[in-house]
Amino acid sequence: GDQVEQSPSALSLHEGTGSALRCNFTTTMRAVQWFRKNSRGSLINLFYLASGTKENGRLKSAFDSKERYSTLHIRDAQLEDSGTYFCAAVTGGYKVVFGSGTRLLVSP
Amino acid sequence: ETAVFQTPNYHVTQVGNEVSFNCKQTLGHDTMYWYKQDSKKLLKIMFSYNNKQLIVNETVPRRFSPQSSDKAHLNLRIKSVEPEDSAVYLCASSPGQNTEVFFGKGTRLTVV
């Protein structure tokens, strides 16, 4: 079946630094979404991409359907960025398949 | 600000009982979903509905039954809950196929 491999599973950053999360897909996906799960457990929509790149503040995401991957770059990380980040692949069949999540901890 | 509303937030029940979770979206979307987040925090789709019609049913036990009265509502009933049903159940909606999905805050079910 459709699979989404998300990495890393956990990430620690110091304030002001940055890194990238990645999702690889086993098949061609129509689009990708990125979410952050906040401290209250809510899934916050970060990006929806059918192609190319999008940027919002200190976050930037890219999606390459042909190469079957998506990335989420975080720069100048802040304490409030801590949380669990999920990618989710839009498969084209009224179904969104989630990655296993990346637990990000930003420390002073 | 969420526009997908789930009730209750939490529910504790005994094995064998029936439970029902409600979900309403105010986004005017045609498609609604139920997802289950298990103990490993993996999110897996259970059902998708489009215009009140069942589209996706992902090998979910028969004790789970979705119920849609209109496009804005998709409830989930579980007959005779079992311990492995303990999880967070997330409702979601989207305008249609291959579009951005928006999630509710979830209902945490604990079966004792």
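So, here's what we can say about the structure. As the structure is a computational prediction, the values presented were derived from the model and not from experiment.

**Considering the overall build of chain A**
Of regular secondary structure, chain A possesses 0 helices and 11 strands. Element order for chain A, N to C, with α for helix and β for strand: β-β-β-β-β-β-β-β-β-β-β. The C-alpha radius of gyration computed for chain A amounts to 13 Å, which stays within 12% of the reference 13 Å derived for 108 residues, consistent with globular compactness. With the C-alpha coordinates of chain A rotated into their principal frame, the extents come out at 40 × 25 × 20 Å. Expressed as a percentage of the 108 residues in chain A, the buried residues total 48%.

**Brief notes about the sheet that holds strand S8 (residues 73-78) of chain B**
The pairing of strands in a sheet happens through backbone hydrogen bonds and is either parallel or antiparallel. Residues and elements named next belong to chain B. With respect to topology, 4 strands assemble into an open sheet ordered S1-S3-S8-S7, the strand pairing being antiparallel. The sheet is open, and its two borders are formed by strand S1 (4-7) and strand S7 (64-70), each paired with just one other strand. With strand direction ignored, the average angle separating the axes of adjacent strands in the sheet is 20°.

**Details of the state of the cysteines**
In the structure shown here, the tally under the stated rule is 2 disulfides over all chains. What pairs with cysteine 23 of chain A in a disulfide is cysteine 87 of chain A, and their sulfur atoms sit 1.8 Å apart. Note on the cysteine 23 of chain A and cysteine 87 of chain A pair: the S-S dihedral is about -100°, so by sign convention the disulfide is left-handed. Within this pair, whereas cysteine 23 of chain A is found in strand S3 (residues 19-25), its partner cysteine 87 of chain A is found in strand S9 (residues 83-90), the two being separated by 64 residues in sequence. Judged by relative accessible area, which is 0%, cysteine 23 of chain A ranks as buried. Each sulfur in the disulfide pair cysteine 23 of chain B and cysteine 91 of chain B lies 1.8 Å from the other.

**With respect to the pairing of S1 of chain B**
Residue and element names in this part refer to chain B. By the alternation rule, side chains of S1 split into Val4 and Gln6, which are all buried, and Phe5 and Thr7, of which none is buried. When S1 meets strand S3 (residues 19-25), the two strands line up antiparallel, connected through 4 bridges. Counterpart to glutamine 6 in the pairing with S3 is cysteine 23.

**Examining unusual backbone geometry**
With an omega dihedral of -10°, the bond running from serine 7 of chain A to proline 8 of chain A counts as a cis peptide bond. In the segment running from threonine 7 of chain B into proline 8 of chain B, the intervening peptide bond is cis, with an omega of -5°. With respect to the helices and strands, proline 8 of chain B occurs in the loop between S1 and strand S2 (10-13). Of note, the phi angle at aspartate 76 of chain A is positive, near 50°, even though the residue is not glycine. Along the polypeptide, aspartate 76 of chain A turns up in the loop between strand S8 (69-74) and S9.

**Concerning the interface of chain B and chain A**
Taken residue by residue, the interface counts 23 residues in chain B and 19 residues in chain A. Carbon and sulfur atoms supply 55% of the area buried between chain B and chain A, which totals about 1,800 Å² over both sides. Broken down residue by residue, the surface that chain B buries against chain A is led by Leu43, Gln97 and Asn98 of chain B, which jointly contribute 30%. Residue glutamate 58 of chain B pairs with lysine 95 of chain A through a salt bridge whose shortest N-O separation is 3.4 Å. Linking chain B with chain A are 11 residue pairs in polar contact (both at pLDDT 80 or more), by the criterion used here. For the side of chain B that touches chain A, the secondary-structure elements that each account for two or more residues are strand S4 (31-37), strand S5 (43-50), strand S6 (53-57) and strand S10 (102-103) of chain B. Here the residues of the side of chain B that touches chain A sort into 11 nonpolar, 8 polar and 4 charged.

Cut-offs applied
Residues numbered from 1 in each chain as written. Chains lettered and ligands numbered in written order. Predicted model: local features only at pLDDT ≥ 70, side-chain atom pairs only at ≥ 80, totals over all residues. Heavy atoms only, no water. Helix = DSSP H or I, 4+ residues; strand = E, 2+ residues; numbered from the N terminus. Rg over C-alpha atoms; globule rule 2.2 N^0.38 Å. Buried < 20%, exposed > 50% of the residue type's maximum accessible area, 1.4 Å probe, protein only. Pairing = 2+ DSSP bridges. Axes fitted to C-alpha atoms, helices over the stretch in contact; angles between N-to-C directions. Disulfide = S-S within 2.5 Å. Contact = heavy atoms within 4.5 Å. Buried area = accessible area lost by both parts, 1.4 Å probe. Salt bridge = Lys/Arg side-chain N within 4 Å of Asp/Glu carboxyl O. Polar contact = N/O pair within 3.5 Å; in protein donor to acceptor, adjacent residues only side chain to side chain. Nonpolar A, V, L, I, M, F, W, Y, C, P; charged D, E, K, R; others polar.

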